[in-house]
Amino acid sequence: MKRACVTRRLDSQRRPHPGLTMVELLIVVAVMVILMGMALPMMRTGIEGRRLREAARQVNTGVTLAKALAAETGRPAGLVIDTEALPEDPRKRFARRLYLAETPPPYAGDVVGAAASILSGGGVLQARFNDDGFSSNLPNVVKVGDFVRFDYRNPVYVVTAITEDTSTPPNTRYILNLSGKPWPTNGALVPYQFTRLPEKSSSTPMELPVGTVIDMNYSGFGLAGPVWTPGTPCPVCYYCRPTSPNGYWYVVTTPGTTGAAEPTWTAVVGDTVTDGTSNPVTWQCVGPGPVVDYNSVTPAVDPYPVTLVFGASGRMATLMGLNGNVASAPTQTLHLLIGNLENLGDLNLADPATLWVSIGHLNGRVTTAESGVSASAQTIQAAREFAQLAQGKGGL
């Protein structure tokens, strides 16, 4: 009996303990690596999605604050979108900082009785200011996009260009090109008053989350982008499509003012078209599709800051800088594409995770929606249609 017990004890000592073999351990490690590889992209997508949603919220907050400021003060207030460009490709534009903007006091000259003469001819409306002590500070105060009215009555004009005429020394004469209805009395000397665009406030700017930007190359008005219009000042990199779409888009390579009649558009990529007579614009065909390839435009220009101006009622009164340094009164919804800095351009447009922040021009209402296009349907019109029909993404 004693011997049997000893034998059983020895057998139990020789029996192997339960555990994993090297092969089993390697299989477990391999499975864990595969699962981690599957989980990391999903985690990254979730993190990127949160950053994009937070960026959309920042834009929404900026618009809300600007409208609130306008309602509180009873004067126009704005939101400045600080536009930048990639150092390696200055034609790719983006924004990651937003500033509130306040309206400075009106300007009516440096002394009581300052006046300007209004001239119209050749489709161009101008106001001339003599530097005889009455308007010497004008070029330091007035900017393109500011509003002006004469003789203390309507209509209101928009300043489209400021030039300096030194042909009659010692006096310097400042000439402003204006957009608006013809003035009834040509050459009349009348008092004036400028309503200036909001300027950046001293408050701390709103920063979008790291890596997220407003992709300015694909942001714009309406569903299909800007359409050619007569008598419009056009800077370099201003782009448009014909009034009767032909599937091609055109960008300005030589600045000027469009003519009274629409030019005959070429359908050959790289070819140019002259538009207008006295100060003609040169358009370059940049290819089919509704998006300008800024890589094909020469020369490149520094990006303009984009300024949204809201009235006391919440209406978007003016926008400047989105398509060149041109001020305009919005007539359609503004769509801002929120994407990633590393994906500027087509990749942001094709990414279903990117967001459109749409701002209504009539009431400043802000909605947010996913891009809703795929890599096989990279059209700005399809993306904006999806954004405009959307009711807004939950949680934004």
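Residues numbered from 1 in each chain as written. Predicted model: local features only at pLDDT ≥ 70, side-chain atom pairs only at ≥ 80, totals over all residues. Heavy atoms only, no water.

### A few points about the overall build of the protein
What counts is decided by this rule: The numbering of helices and of strands both runs from the N terminus, where a helix is a DSSP run of H or I of at least 4 residues and a strand a run of E of at least 2. When accessible area is computed with a 1.4 Å probe and restricted to protein chains, residues below 20% of their type maximum are described as buried, those above 50% as exposed, and intermediate ones as partly exposed. Any two residues having at least one pair of non-hydrogen atoms within 4.5 Å are treated as being in contact. All accessible-area figures derive from a Shrake-Rupley calculation using a 1.4 Å probe, and residue coverage is judged against the displayed protein chains alone.
What the protein contains, in helices and strands, is five helices and 23 strands. Scored against the burial criterion, the 396 residues of the protein give a buried share of 44%. Look at the contacts in the protein between residues 6 or more apart in sequence, and 62% of them connect residues 24 or more apart. Looking at the protein as shown, the accessible area adds up to about 20,100 Å², and 57% of this sits on carbon and sulfur atoms.

### As for the environment of E84
Note the threshold: Counting of polar contacts relies on pairs of N or O atoms within 3.5 Å, with two restrictions inside protein: one atom must be capable of donating a hydrogen and the other of accepting it, and residues adjacent in sequence are counted only when both atoms are side-chain atoms.
Secondary-structure assignment places E84 in strand 1 (residues 77–86). For E84, a relative accessible area of 18% gives the class buried. Sequence spacing of E84 and P305 is 221 residues, and the spatial spacing of their C-alpha atoms is 8.1 Å. A polar atom in the side chain of E84 sits 3.2 Å from the side chain of R97.

### Comments concerning a nonpolar patch on the surface
Under the convention used in this document: Residues enter a patch when their relative accessible area is above 30% and they make no salt bridge; the linking distance is 9 Å between like charges and 5 Å between nonpolar side chains (Val, Leu, Ile, Met, Phe, Trp, Tyr). Any carboxyl oxygen of Asp or Glu within 4 Å of a side-chain nitrogen of Lys or Arg constitutes a salt bridge here.
On the surface, V23, I27, V31, I34, L35 and M38 cluster together into a nonpolar patch covering about 590 Å² of accessible area. Mapping M38 onto the fold places it in helix 2 (residues 22–73).

### Regarding the pairing of strand 18 (residues 306–310)
Counted only if it meets this: DSSP-based pairing: two strands are paired if at least 2 bridges between them are found.
Most of strand 18 sits inside the fold, with five of its five residues counted as buried. Residues V306, L308 and F310 line one face of strand 18 and the alternating positions T307 and V309 line the opposite face, and both faces are buried. The pairing of strand 1 with strand 18 spans five bridges and is antiparallel. Its bridge partner lying in strand 18, G78 is registered against V309.

### Thoughts on the packing of aromatic side chains
Formally: Pairing of aromatic rings covers Phe, Tyr and Trp, the last counted by its six-membered ring, and requires centre-to-centre distances within 6.5 Å; plane angles under 30 degrees mean stacked, over 60 mean edge-to-face, and any other angle means tilted.
In this structure the tally under the stated criterion is five aromatic pairs. The interplanar angle of 55 degrees and the centroid separation of 5.9 Å between the aromatic rings of F150 and Y157 together place this pair among those described as tilted. Using a relative accessible area of 1% as the deciding quantity, one classes Y157 as buried. Between the aromatic rings of Y250 and W265, the centroid separation amounts to 4.5 Å while the plane-to-plane angle is 40 degrees, which identifies the pairing as tilted. One end of the pair, Y250, is in strand 14 (residues 248–254); the other, W265, is in the loop between strand 15 (256–257) and strand 16 (272–275), and 15 residues separate them in sequence. The residues Y250 and W265 share a single accessibility class, namely buried. Aromatic ring contacts, followed pair by pair, group Y107, Y192 and F194 into a single cluster.

### Structural notes on unusual backbone geometry
Following N154, the chain continues into P155 via a peptide bond in cis, with omega recorded as 10 degrees. In this structure, P155 sits in strand 6 (residues 153–165). In this model, D151 sits at a positive phi of 60 degrees, which is unusual for a non-glycine residue. Position of D151 among the secondary structure elements: in the loop between strand 5 (147–150) and strand 6. Residue classification places D151 among the partly exposed residues on the basis of a relative accessible area of 30%.

### Comments concerning the pattern of salt bridges
According to the stated counting rule, one finds eight salt bridges in the structure shown. Between R97 and E84 there is a salt bridge, with the nearest N and O atoms lying 3.2 Å from each other. Remark: E84 occurs in strand 1 and R97 occurs in strand 2 (residues 89–102); sequence separation between them is 13 residues. Residue E207 is joined to R97 by a salt bridge in which the shortest nitrogen-to-oxygen separation is 3.1 Å. Of the two residues, E207 is situated in strand 10 (residues 206–207) and R97 in strand 2; the sequence distance between them amounts to 110 residues. Residues joined in a network through salt bridges with shared partners are E84, R96, R97 and E207.

### Overview of the nonpolar core
The condition that has to hold: The definition of a nonpolar core used throughout is a set of buried Ala, Val, Leu, Ile, Met, Phe, Trp, Tyr and Cys residues joined through side-chain atoms within 4.5 Å.
Counting 28 residues, the largest nonpolar core has I81, I214, L308 and I359 as the members making the most contacts within it. The element best represented in this core is helix 2, accounting for six residues. What I214 contacts, discounting residues up to four positions off in sequence, is V59, I81, R93, F94, A95, L98, L208, S219, L336, L337 and I338. Among the nonpolar cores identified, the runner-up in size contains 22 residues, and A114, I118, L176 and V190 belong to it.

### Observations concerning the confidence of the model for the protein
Any region with low pLDDT has predicted coordinates that should not be read closely. Using the following cut-off: One confidence number per residue, pLDDT, is output by the predictor and ranges from 0 to 100.
Overall, the prediction assigns the protein a mean pLDDT of 76, with 74% of residues at 70 or greater. In the model, residues 289–302 has pLDDT below 50 throughout and makes 40 contacts with residues more than four positions away in sequence or in other chains.

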